[in-house]
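# Structural overview for review
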Amino acid sequence: MSNTDSHDQRIAKMTFASVYPLLLAKVEKKGRTKEELHQVIAWLTGFDDKQLEKLIHEKVTYETFFQRATLNPRAGLITGVICGYRVEEIQNPLTQQVRYLDKLVDELAKGRKMEKILRG
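A quick note: this is a predicted structure, and the numbers were derived from the prediction, not measured. (Residues numbered from 1 in each chain as written. Predicted model: local features only at pLDDT ≥ 70, side-chain atom pairs only at ≥ 80, totals over all residues. Heavy atoms only, no water.)

Now for the pattern of salt bridges. Evaluation of the coordinates by the stated rule reveals ten salt bridges. Residue Glu63 is joined to Lys13 by a salt bridge in which the shortest nitrogen-to-oxygen separation is 3.0 Å. In this pair, Glu63 is assigned in helix 5 (residues 62-68) and Lys13 in helix 1 (residues 5-13), connecting sequence segments 50 residues apart. According to the relative accessible area criterion, Glu63 is partly exposed, its value standing at 29%. Here Arg112 makes a salt bridge to Glu107, at a shortest N to O gap of 3.1 Å. On the accessibility criterion, Arg112 (35% relative accessible area) is partly exposed. Its relative accessible area of 7% is what places Glu107 among the buried residues. Each of Lys26, Asp106 and Lys110 takes part in one network of salt bridges that share partners. (Salt bridge = Lys/Arg side-chain N within 4 Å of Asp/Glu carboxyl O. Helix = DSSP H or I, 4+ residues; strand = E, 2+ residues; numbered from the N terminus. Buried < 20%, exposed > 50% of the residue type's maximum accessible area, 1.4 Å probe, protein only.)

From the geometry alone we can't say anything about function, so treat these as descriptive.
Below, the structure written as structure tokens:
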């Protein structure tokens, strides 16, 4: 499945603050915690809780969010299908990074062990 430019642009302009509550609700509904979600986000992006709170407050777009992030060098180990896309085949770097986050959150919600989620 290939991404279109308009799809990539739509993702880039989404605010992280609008998506964060959905990510949190997804993991909490499955018995995981906010702390675990933050641990996953920190692993992928390098953001601590204070930085994450600031980004949410600033209502940054996904584009800005990932521009400010220091992507984990092991992020390339994230593979599989999320939202109908095989993450390792996504051509647009930003869209791929967003889908990395989606995949990690999905694994957290499915009860996968943190060690496996963090590619340890």
